[in-house]
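# Architecture at a glance
What follows is each chain in one-letter form.
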Amino acid sequence: MESHKLLVRKLVLICIAMFGFGFALVPLYDVFCRYTGINGKTENTAAPAARRVDASREISVEFLANRDPGIPWSFAPEITRIEVHPGQVMVVNFLAENLSAEATIGRAVPSVSPGEAARYFKKIECFCFVEQPLDSRQKKAMPVQFYIDPELPEQFTTITLSYRLYKGTLSNASR
């Protein structure tokens, strides 16, 4: 009987340790992605402006926009592709329109592909930094100002910036 109690204690401790490890995985994964650039996550804060431009190279930057079915907006990039020199500051607009009869808020989540290039894609200003309110039937051009770090390895010639738009909540917005 004593051996059963010891076994039960060990199993309970293992369950508690596994539960704690499960909670720790999300922050650990975020830290891992931030330092390795894997998974295409970009910084969600403004980067300083580029200091130099590498005119000897051109990088093709593609733009994609998707939206969650729960948000009644149209959402698309103004242009789908541009050529930039590393270090060259560019501004591209994403166009949004609230198709519903009531005011709503959108929140855009960025992703860069290939994931290893995400650490070199620097956003100076981006609509993704804050939630975007739109009144009923309102249209809005939402800019992203960026540059590609000149330290981008030569193997990368095309980078894709993609946004997924989700519905936010009006109660959190200051209008």
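Provided above is the structure to which this section pertains.
Definitions and cut-offs
- Residue numbering note: each chain is counted from 1, following its sequence as written.
- Two thresholds apply to this predicted model, a pLDDT of at least 70 for residue-level local features and 80 or more for giving and counting side-chain atom pairs, whereas whole-chain, interface and lining totals are computed over all residues.
- To get the side-chain values, all heavy atoms of the structure are used, and hydrogens and water are removed first.
- Working definition: a ring pair exists when centres of Phe, Tyr or Trp rings (six-membered ring for Trp) sit within 6.5 Å. Plane angles under 30 degrees give stacked, over 60 give edge-to-face, the rest tilted.
- Runs of H or I in DSSP of at least four residues are treated as helices and runs of E of at least two as strands, each being numbered from the N terminus.
- Throughout this description, buried means an accessible area under 20% of the type-specific maximum (1.4 Å probe, protein chains only), exposed means over 50%, and partly exposed covers the range between.
- Salt bridges are counted wherever a side-chain nitrogen of Lys or Arg sits within 4 Å of a carboxyl oxygen of Asp or Glu.

In the structure shown here, the tally under the stated rule is 8 aromatic pairs. Summarising the aromatic geometry, the rings of Phe94 and Phe127 are spaced 5.5 Å apart at their centres and angled 50 degrees between planes, so their arrangement reads as tilted. With Phe94 in strand β4 (residues 90-98) and Phe127 in the loop between β6 (121-126) and β7 (132-134), the pair connects residues that are 33 residues apart, well separated along the chain. For Phe127, a relative accessible area of 4% puts it in the buried group. Ring geometry for Phe94 against Tyr163: centres 5.0 Å apart, planes inclined by 80 degrees, an arrangement best described as edge-to-face. Highlighted residues: Phe94 in strand β4 and Tyr163 in strand β9 (residues 158-167), separated in sequence by 69 residues. In terms of burial, Phe94 and Tyr163 fall into one category: buried.

A separate point is the pattern of salt bridges. Going through the model one piece at a time under the given rule, you end up with 5 salt bridges. We note a salt bridge from Arg52 to Glu151, for which the minimum N-O separation is 2.8 Å. Separated by 99 residues along the polypeptide, Arg52 in the loop between α1 (2-36) and β1 (59-67) and Glu151 in the loop between β8 (139-148) and β9 bring together distant segments of the chain. A residue is classified by how much of its surface remains accessible, and Arg52, at 42% relative accessible area, is partly exposed. A salt bridge links Glu83 to Arg81; the shortest N-O distance between them is 3.9 Å. Take Glu83: its relative accessible area is 40%, and that puts it in the partly exposed class. Classification of Arg81 by relative accessible area gives partly exposed; the value is 44%. In the salt-bridge network here, residues are joined through shared partners; they are Glu62, Arg81 and Glu83.

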